[in-house]
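# Residue-level structure breakdown
Below, each chain spelled out in residue letters.
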Amino acid sequence: MNTLSYKGYIGSVSFSEADNVFFGKVEGIRGLVNFEGESVRELTDAFHEAVDDYLAYCADEGIEPDKSYSGVLNVRLTPEIHRQIAMLAKQAGLTINAYIKAALEEKAEKAMAM
């Protein structure tokens, strides 16, 4: 999936051949915030405007805006799996965090290639 990034928010990017338009939505927030444009420049500008409008709306309503993915993920494991991962990480010369990160990156890359 192609994405845009602005002020810590991620926007998906798709193209409608039938409508000859790029479109997307702000990902990782509870609300539905869409944007579109007929060129990459228009799409990017519309994405920036959508994020700015979302933040202004939240400020006007006195609500805390959702943030797109922070990059921090807590994963709950069974003690047995935790132990196995710790041993595998040590064998690989990595921290547990680096080992899990590498495993997830590999899995995500394979899934996105399909």
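Residues numbered from 1 in each chain as written. Predicted model: local features only at pLDDT ≥ 70, side-chain atom pairs only at ≥ 80, totals over all residues. Heavy atoms only, no water.

### Digging into the side chain of S12
Going by this rule: Helix and strand labels come from DSSP, where a helix needs a run of H or I of at least four residues and a strand needs a run of E of at least two; each type is numbered from the N terminus. Two N or O atoms count as a polar contact when they lie within 3.5 Å, although within protein this holds only if one can serve as hydrogen donor and the other as acceptor, and sequence-adjacent residues are included solely when both atoms are side-chain atoms.
With respect to the helices, strands and loops of the structure, S12 is situated in strand β2 (residues 9–16). Engagement of the side chain of S12 in a polar contact is seen with the side chain of E27, the distance being 3.1 Å.

### Re the sheet that holds strand β3 (residues 21–27)
We apply this condition: What makes two strands pair is DSSP finding at least two bridges between them. Only the stretch in contact is used when fitting a helix axis, every axis being a line fitted to C-alpha atoms; angles between N-to-C directions are given from 0 to 180 degrees. Contacts were defined at the residue level, with two residues in contact if any of their heavy atoms lie within 4.5 Å.
Read from one edge to the other, the open sheet built from 4 strands follows the order β1-β2-β3-β4, with strand pairing classed as antiparallel. One side of each edge strand has no neighbouring strand; the edge strands of this open sheet are β1 (2–6) and β4 (34–37). When the angles between neighbouring strand axes are averaged without regard to direction, this sheet yields 30°. On the sheet, helix α1 (residues 40–61) packs against β1, β2, β3 and β4 and is oriented at approximately 155° with respect to β4.

### A look at the environment of T78
Condition: Three exposure classes are used, based on accessible area relative to the maximum for each residue type with a 1.4 Å probe and protein chains only: buried under 20%, partly exposed in between, and exposed over 50%.
As for its position among the elements, T78 is in the loop between α1 and α2 (79–92). Classification of T78 as partly exposed rests on a relative accessible area of 40%. Between the C-alpha atom of T78 and that of I63, which follows or precedes it by 15 residues, the distance is 36 Å. Reaching out from T78, the side chain makes a polar contact with the backbone nitrogen of I81 at a distance of 3.2 Å.

### Topic: the pattern of salt bridges
What counts is decided by this rule: A carboxyl oxygen of Asp or Glu within 4 Å of a side-chain nitrogen of Lys or Arg is what we treat as a salt bridge.
Scanning the entire structure with this criterion turns up 5 salt bridges. Across the pair D45 and R41 runs a salt bridge, and its minimum N-O distance is 2.9 Å. With D45 and R41 both in helix α1, this residue pair falls 4 residues apart, about one helical turn. Overall, R41 belongs to the exposed group, its relative accessible area being 51%. Notably, a salt bridge pairs E105 with K101, separated by 2.9 Å at the nearest N-O pair.

None of this, on its own, says anything about what the molecule does.
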